[in-house]
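Here is how the chains run, residue by residue.
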Amino acid sequence: EVDRARKLLADWGEHVVIVHPGSGGLQKNWPLVKYLELAERMQQESAVAPVFSIGEADGAIAGQLGRMNPGFPMIAGLSLVRLAAVLSVCHGYVGNDSGITHLAAALGVPTVAIFGPTDPAIWGPRGPGVRLLYDRSSCSPCSSEARSACSRQCLERIDPDRGIELLSPFFG
């Protein structure tokens, strides 16, 4: 699987960063437009090639990406084993509080984990290459009940510039 993953990523350059804008719950997702802004900045300010990864539960996000037509490569429908292989050979990862973010961190991939309504002190991935992007607000962290009626200000307030700052040490 690792050889296949290398071949897949080779099409997009030497320094691929996987951008995974989904999670198990829409309320935990950083806005897609902010991911796109971050991806544009990564591409413009470094030799990084952002590649979006879309999971089984991310159909709505895939549809939004398709309508917005950002021009970034997208991988979708990968098995967990194949996705783990892709993550193991990429140069970085950015994603929400999700299982895939934990997988990237566990594989030792330089990881920027974005948190809003959940507490990264409890739920955040661990490891030397993990950077947490979290803007604690008065309502964050919150309960799953509160999340259903939430304005998502804890995620809306996170600026893509902070993502660039957290990624820059990995790419000099």
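What comes next is a walk through the structure. (Residues numbered from 1 in each chain as written. Predicted model: local features only at pLDDT ≥ 70, side-chain atom pairs only at ≥ 80, totals over all residues. Heavy atoms only, no water.)

## Structural notes on the environment of R4
The following threshold applies: In this text, helices come from DSSP runs of H or I with a minimum length of four residues, and strands from runs of E with a minimum of two, each type numbered from the N-terminal end.
Tracing the backbone shows R4 in helix α1 (residues 2–10). Spatially, the C-alpha atom of R4 lies 16 Å from that of I18, the residues being 14 residues apart in sequence.

## Considerations on the sheet that holds strand β1 (residues 16–20)
Note the cut-off: DSSP calls a pair of strands paired once it identifies at least 2 bridges connecting them. A fitted line through C-alpha atoms represents every axis, and for helices the fit uses only the stretch in contact; the resulting angles, taken between N-to-C directions, go from 0 to 180 degrees. Note on contacts: a residue pair is in contact if any heavy atoms of the two residues lie within 4.5 Å.
As summarised here, the arrangement of the 6 strands in space is β3-β2-β1-β4-β5-β6, forming an open sheet in which the pairing is parallel. In this open sheet, the two edge strands, each paired with only one partner strand, are β3 (74–76) and β6 (130–134). Strand-to-strand twist of the sheet, defined as the mean angle between neighbouring strand axes without regard to direction, takes the value 20°. Strand direction decides the pairing type here: strand β5 (residues 111–115) and β6, joined by 5 bridges, are parallel. Paired with V112 across the bridge in β6 is R131. Against the sheet, helix α9 (residues 160–171) engages β1, β4 (92–96), β5 and β6, with an angle of about 170° to β6.

## Quick notes on the pattern of salt bridges
Note the cut-off: The term salt bridge refers to a pairing of a side-chain nitrogen on Lys or Arg with a carboxyl oxygen on Asp or Glu at a separation within 4 Å. A 1.4 Å probe rolled over the protein chains alone gives each residue an accessible area, and that area as a share of the maximum for its type sets the label: buried under 20%, exposed over 50%, partly exposed in between.
On inspection of all chains with the given rule, the structure shows 7 salt bridges. A salt bridge links E45 to R41; the nearest nitrogen and oxygen atoms lie 2.5 Å apart. Of the two residues, E45 and R41 both sit in helix α2 (residues 32–45), 4 residues apart, roughly one turn of that helix. Take R41: its relative accessible area is 18%, and that puts it in the buried class. Each of E1, R4 and R82 takes part in one network of salt bridges that share partners.

## Quick notes on the packing of aromatic side chains
Applied cut-off: Aromatic pairs are defined between Phe, Tyr and Trp rings, using the six-membered ring for Trp, whenever the two ring centres lie within 6.5 Å; interplanar angles under 30 degrees are classed as stacked, those over 60 as edge-to-face, and all others as tilted.
For the structure on display, the rule yields 2 aromatic pairs. Aromatic side chains W30 and Y35 sit 4.9 Å apart centroid to centroid with 75° between the ring planes, which places their arrangement in the edge-to-face category. Neither W30 nor Y35 differs from the other in exposure class; each is buried. Seen from their ring centres, F52 and F72 are 5.7 Å apart, and the 40° between their planes marks the pair as tilted. Of this pair, F52 sits in strand β2 (residues 49–54) while F72 sits in the loop between α3 (59–68) and β3, placing them 20 residues apart in sequence.

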